[in-house]
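Fold and contact review
Each chain, letter by letter, is given below.
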Amino acid sequence: MPAARSTLLLAACFFALYFIWGSTYLFIRIGVQTWPPLLLAGVRFMLAGGLLYGFLRWRGAPRPTRQQWLAGGAIGFLLLSCGNGGVSLAEHAGVSSGVAALTVATVPLFTLIFVMLRGQRTSPVEWAGIAMGMGGIVLLNLGSNLQASPWGALVVLFAAAAWAFGSVWSRALPLPPGAMASAVQMLVGGAICLLGSLLSGERMTQPPGASGWLALAYLTVLGSIVAFSAYTYLLRHVRPAAATSYAYVNPVVAVLLGIAFAGEHIGVWEAAAMGVIVGAVVLIGLPQWRKA
């Protein structure tokens, strides 16, 4: 691939990670105003997973084995049903899109904790990042946004922890190769969200309207297919620390978009927490950059 074309593709992938993933929190906020939260997540991932699976099979990708379906389903449950589904539930419960993104930014913190529990040595800088991140969570919960919705606060923290645990566990499971892994995860994770929507008695109380359909289309095509494909491409072509640097940027993008387009307000405690949590993520990422 020519150098100029490769550079342009890398820039497009980083744009997708930083801004598309950062904007999904706003579109979830818009979507749950007319869609029940689990139904929105389920339809989103079933559509995205079905489109991706069909495209890969058309390109000649092998059909996943039973073992790969089970492994991919387990990770899809943690990352998508618990992770993204939990964010939809939290925003439906009143957590703002910016604060939800800021809470999910603690994923590297939880990831480091789970990796440490598996026996990996932790450097003093990483310990400082853990302590700093915990302090950021405390500051975040002092703010009016999460205090007004304690149920939403618990759900979004659980979502971040589930995403982190699934990411760590996925390294030891026989997942399908390449993008087929994300297709399987989305299909199974989406099906579980739909089952949860049915069992919890979610009902459409009004037609989604133009904004609801736009949110679903954006989350399906750009949030699930385009951005995740960009992430897998970056994991193959840049250093892991660079590929995961979206954790520094997404909260800021989500906060600014929420203030600009959803009339959200970030108080003093939330602003302080943003600085502390982003700083903690940077500290946790420093050893990765040094090793790279």
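Everything numeric in this text was worked out from a predicted model, so none of it was measured.

1. Notes on the pattern of salt bridges
Under the criterion given, the structure shown has one salt bridge. Between Glu264 and Arg29 there is a salt bridge, with its nearest N and O atoms 3.8 Å apart. A residue pair is termed long-range when its members are at least 10 positions apart, and Glu264 in the loop between helix H12 (246-261) and helix H13 (268-291) and Arg29 in helix H1 (residues 3-31) qualify at 235 residues. With a relative accessible area of 9%, Glu264 lands in the buried category.

2. Things to note about helix H6 (residues 124-142)
In an α-helix, one turn spans 3.6 residues; hence positions three or four apart end up facing the same way. Compared with the 27 Å implied by 1.5 Å per residue over 19 residues, the 27 Å span of H6 between its first and last C-alpha is a close match. Where H6 is concerned, the buried positions are Glu126, Gly129, Ile130, Gly133, Gly136, Ile137, Leu139 and Leu140.

3. So, the packing of aromatic side chains
Tallying each qualifying case throughout the model produces nine aromatic pairs. Centre to centre, the rings of Phe15 and Phe19 are 5.1 Å apart; their planes meet at 35°, and the pair counts as tilted. One end of the pair is Phe15 and the other is Phe19, both in helix H1 and four residues apart, which spans about a single turn. Residue Phe15 is classed as partly exposed on the basis of its relative accessible area, which comes to 49%. Aromatic pair Trp21 and Tyr231: ring centres 5.5 Å apart, planes at 50°, arrangement tilted. In this pair, Trp21 sits in helix H1 while Tyr231 sits in helix H10 (residues 209-237), placing the two residues 210 residues apart along the sequence. Residues Trp21 and Tyr231 agree in their burial class; the two are buried. One aromatic cluster in this structure is built from Phe114, Phe165 and Trp169.

4. A word on the confidence of the model for the chain
When pLDDT is averaged along the chain, the result is 85; 91% of the residues meet or exceed 70. Ranking the elements of the chain by mean pLDDT puts helix H11 (residues 240-243) last with 61 and helix H2 (residues 37-58) first with 96.

5. Quick word on the packing of helix H4 (residues 97-104) against H12
The contact between H4 and H12 brings their axes to 7 Å, and the two run at 175°. One way to sum up the angle between H4 and H12 is to call them roughly antiparallel. Packed against H4, whose contacting residues are Ser97, Gly98, Ala101 and Leu102, the element H12 presents Asn250, Pro251, Ala254, Val255 and Gly258 at the interface. For the contact of H4 with H12, the residue count by class is five nonpolar, four polar and no charged.

Conventions used here
Residues numbered from 1 in each chain as written. Predicted model: local features only at pLDDT ≥ 70, side-chain atom pairs only at ≥ 80, totals over all residues. Heavy atoms only, no water. Salt bridge = Lys/Arg side-chain N within 4 Å of Asp/Glu carboxyl O. Helix = DSSP H or I, 4+ residues; strand = E, 2+ residues; numbered from the N terminus. Buried < 20%, exposed > 50% of the residue type's maximum accessible area, 1.4 Å probe, protein only. Expected span 1.5 Å × (residues − 1). Phe/Tyr/Trp six-rings, centres within 6.5 Å; stacked < 30°, edge-to-face > 60°. pLDDT = per-residue confidence, 0-100. Axes fitted to C-alpha atoms, helices over the stretch in contact; angles between N-to-C directions. Parallel < 35°, antiparallel > 145°, perpendicular 65-115°, else oblique. Contact = heavy atoms within 4.5 Å. Nonpolar A, V, L, I, M, F, W, Y, C, P; charged D, E, K, R; others polar.

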